[in-house]
Amino acid sequence: MSTLSVKELQNLAHKLRIHSIESTNASKSGHPTSCASIAEIMSVLFFHEMHYSLSKPIHESSDRFVLSKGHAAPILYAAWAEAGLFPTSDLLNLRKIDSDLEGHPTPRLSFIDVGTGSLGQGLSVGCGMAYVGKYFDKASYRVYVLVGDGESAEGSIWEALNFASYYQLDNLVVIFDVNRLGQSDPTSLGHDMEKYKNRLDAFGANALVIDGHDINEIIKAFDTAKKTKGKPTAIVAKTYKGKCFVGIEDQVNWHGKPLGDKAPEVIKHLNSLMVPCDIKFTPASITLDAPNVDISNIKLSAPPSYGKTDQIATRFAYGTALSKIAANNSRVIALDGDTKNSTYSEKIKTVNKSQYIECFIAEQNLVGVAMGATCRNRTVAFVSTFATFFTRAFDQIRMGAISQSNVNFVGSHCGVSIGEDGPSQMGLEDLALFRTIPGSTVFYPSDAVSCERAVELAANTKGICYIRTSRPNTAIIYENNHVFKIGQAEVILSSASDKVLIIGAGVTLHEAIKAASTLGKSGISCRIMDLFTIKPLDAASIIKNANECQNKIIVVEDHYYEGGIGEAVNSVVAPLGTIKVKHLAVGEVPRSGPPTVLLNKYGISSENIVEAVKNFA
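Computed from a predicted model, the values in this text were never measured in an experiment.

Rules and cut-offs
Residues numbered from 1 in each chain as written. Predicted model: local features only at pLDDT ≥ 70, side-chain atom pairs only at ≥ 80, totals over all residues. Heavy atoms only, no water. UniProt positions renumbered as here; feature names shortened; annotations may be inferred. Helix = DSSP H or I, 4+ residues; strand = E, 2+ residues; numbered from the N terminus. Salt bridge = Lys/Arg side-chain N within 4 Å of Asp/Glu carboxyl O. Buried < 20%, exposed > 50% of the residue type's maximum accessible area, 1.4 Å probe, protein only. Expected span 1.5 Å × (residues − 1). Contact = heavy atoms within 4.5 Å. Polar contact = N/O pair within 3.5 Å; in protein donor to acceptor, adjacent residues only side chain to side chain. Core = buried A, V, L, I, M, F, W, Y, C linked by side-chain atoms within 4.5 Å. Pairing = 2+ DSSP bridges. Axes fitted to C-alpha atoms, helices over the stretch in contact; angles between N-to-C directions. Lys, Arg positive; Asp, Glu negative; His and termini not counted.

Trainee: Even after reading the chapter, I still don't get the UniProt feature "domain: Transketolase-like pyrimidine-binding" (unreviewed entry) in the protein chain, so can you show me in this structure?
Mentor: Taking the numbering used here, the UniProt-annotated feature "domain: Transketolase-like pyrimidine-binding" (unreviewed entry) corresponds to residues 312-476. As annotated, residues 312-476 has a helix share of 35% and a strand share of 19%, and its two end C-alpha atoms lie 7 Å apart.

Here is the structure:
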């Protein structure tokens, strides 16, 4: 632990304030007042409390820190610079196009685990880190998350607190920077510290109210947190926005503004507050007790073994595959939002109950916990729920991509084919959602064999992966030993006389096969293609096969028209100007009803495909 005195820590707090002023003035943008309110907290964290390594900032055994209020990035950068990671002169490159010191933190920087700045998300990530630290690594590292009082209005903060309390994450400390002022107005609770404490106590945290500008109180609070067992600690720090900024402290209308010509006066004042001393700092050493983890080359423990006449839902095959890769690697984990007996993620528990994390009905936290759990390559996470419920966590998924996270999402109950449960349960927007995520891989397996292989491929694929699974039982299409590749489509039926290329996925691929059989009896030959991955798309195969089928394509999908398979296919063939595409999809909010009735009503059944082929000009 650092031996710096209280005076030295206070000096460092003021230095961090000065760096924040200078860097935001240099960039002519940023949030120096939001930095000023947490200067003492950051000083104690980085120069007294945390154990970390400058040679490897994201060391598997070092303490974790998440700045959930990411707009205070300048002071985070300043803390690392003052600790010796890089020259303090680099801080003046804040927000420049060729600098990784961006406006909000991202993992382009060697010391950042996840991107922050979309408020309300950092604590969920911290929960994932702490869960892995306590239950998987069983290591001594601790997790610190700094949250702004404004973002504490986000429900995801309280989802995370509920999770942290339920799992007794006593290695987690969340610090609330209660500086009273939001972006445009005072926060809803202002400086009502008692109300903050009561709410945090009610959520099962060990709530400690402190003066966030008193070094001694901050140190004492962290010491108390280390002694607290069985619950997370929440330090509620009363602070002032723009603390020590003459004429600016605790004033509205200074959010997100550099000090400009007021900077010299404020810096002069801050220098006057510092006591001359020669600060010599070395970070507290880390305890090397996090085990080595290998999450490469994850394989199914046994290949698919389905019979030709089997009828298996891909959601069930997902559970089977998940249990197989979990049997081969103890760092494969499943997280679910109380739908495990519908998504079949519960099948992982037959291998090892500890490889399953129940996150309950709190999808935003579910996604955030998975992001935290995969940080520093500690786990391979599969996150499952009904496909439609991922829409409420789109921001978390988007931030996962910004964070360079390797998280696998599995959405079941997609489309009208789920039947009587009705439109609120039908995932009809999910392909559009995941296709827009930069760097994502989107799988849409159409039988149990391809689903098992999609799970295996996803486990070894960098970035955000999504696997869309279906509720109905469907026939086996592929041989058990079939080899699948990302971005490689499969032609299921073909002949030299094919009149049209029909592209389906999931249940609609089976409808397309039925339609082809019916049309064949009328002398109309159709080619059937299974894309397997919607992103990346096998553009070359689509174009080649369309050319061989009179340049006609019918896309049929159990999804809304917007953003799904049809638009993906059109994006590769439209520029050619030679291929006609007819698109069958769901065009309105569906009703409840039997699956077969719904497929027909919304124009994506085999009967609809037959009609579309016959009427294709």
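From this point, things continue past the structure.
Trainee: Could you clarify how one ought to interpret the pattern of salt bridges in this entry?
Mentor: Opposite charge on two side chains permits them to pair, given that their charged atoms come into close proximity. One pass over the full model with this rule turns up 25 salt bridges. Notably, a salt bridge pairs Lys226 with Glu49, separated by 2.8 Å at the nearest N-O pair. Placement of the pair is Lys226 in helix 8 (residues 215-227) and Glu49 in helix 3 (residues 39-49), with a sequence separation of 177 residues. A relative accessible area of 28% places Lys226 in the partly exposed class. One network of salt bridges, with partners in common, ties together Asp498, Arg527, Lys544 and Glu548.

Trainee: Teacher, can you tell me more about helix 16 (residues 507-520) here?
Mentor: Residues separated by three or four positions in an α-helix point in the same direction, a consequence of the helix having 3.6 residues per turn. Across its 14 residues, helix 16 extends 20 Å between first and last C-alpha, which sits within 8% of the 20 Å expected from 1.5 Å per residue. When helix 16 is considered as a whole, its buried residues turn out to be Val507, Thr508, Leu509, His510, Glu511, Ala512, Ala515, Ala516 and Leu519.

Trainee: How should the environment of Leu123 be read in this particular structure?
Mentor: By the secondary structure assignment, Leu123 is in helix 5 (residues 122-136). In this structure, the C-alpha to C-alpha distance between Leu123 and Ile210, residues 87 residues apart in sequence, is 20 Å. If we skip the residues at most four places from it in the chain, Leu123 touches Ser68, Val145, Ile157, Ala160, Leu161, Leu172 and Val174.

Trainee: I would appreciate a short explanation of helix 15 (residues 448-459) in the present structure.
Mentor: Taking 1.5 Å per residue as the helical rise, helix 15 with its 12 residues ought to reach 16 Å, and the 17 Å between its terminal C-alpha atoms agrees with that figure. The buried fraction of helix 15 is high, at 11 of 12 residues. Residues Ala448, Val449, Ser450, Cys451, Glu452, Arg453, Ala454, Val455, Glu456, Ala458 and Ala459 constitute the buried set of helix 15. At its buried positions, helix 15 is contacted by strand 6 (311-312), helix 10 (314-328), strand 9 (380-386), strand 10 (407-412), strand 11 (441-443) and strand 12 (465-468). Here helix 15 starts with a cap whose side-chain oxygen sits 3.3 Å from the backbone nitrogen of Val449, and that cap is Asp447.

Trainee: How should the nonpolar core be read in this particular structure?
Mentor: The nonpolar side chains of soluble globular proteins are, as a tendency, buried together. Leu335, Phe409, Ile503, Leu531, Ile553 and Ile565 are the most contacted members of the largest nonpolar core, which totals 83 residues. Setting aside residues up to four positions removed in sequence, Ile503 forms contacts with Met529, Leu531, Ile542, Ile553, Ile554, Val555, Val556, Ile565 and Val569. Among the nonpolar cores identified, the runner-up in size contains 50 residues, and Phe65, Leu109, Leu208 and Ala225 belong to it.

Trainee: Any chance you could explain the sheet that holds strand 11 here in plain terms?
Mentor: Within a beta sheet, neighbouring strands are joined by backbone hydrogen bonds and run either parallel or antiparallel to one another. As summarised here, the arrangement of the 7 strands in space is 8-7-9-10-12-11-17, forming an open sheet in which the pairing is mixed. The sheet terminates laterally at strand 8 (356-358) and strand 17 (533-535), the two strands that pair on one side only. With direction set aside, neighbouring strand axes in the sheet form an average angle of 20 degrees. Relative to strand 12, strand 11 runs parallel, the two sharing 3 bridges.

Trainee: Explain the side chain of Asp170 here, please?
Mentor: Structurally, Asp170 can be placed in the loop between helix 6 (155-166) and strand 3 (172-178). Look at Asp170 and you get buried, because its relative accessible area is 16%. Once you skip the residues sitting within four places of it in the chain, Asp170 turns out to touch Lys134, Arg142, Ala225, Thr228, Lys229, Gly230, Lys231 and Pro232.

Trainee: Looking at this model, I keep getting lost on the side chain of Asp336. Mind explaining?
Mentor: On the secondary structure map, Asp336 appears in strand 7 (residues 332-336). For Asp336, which is buried and forms no salt bridge, the nearest opposite charge comes from Lys340, at a distance of 7.1 Å. One polar contact links Asp336 to Ser345, side chain to side chain, over a distance of 2.7 Å. Residues contacting Asp336, with those up to four places away along its chain left out, are Thr343, Ser345, Tyr356, Ile357, Glu358, Cys359, Phe360, Leu366, Ser384 and Thr385.

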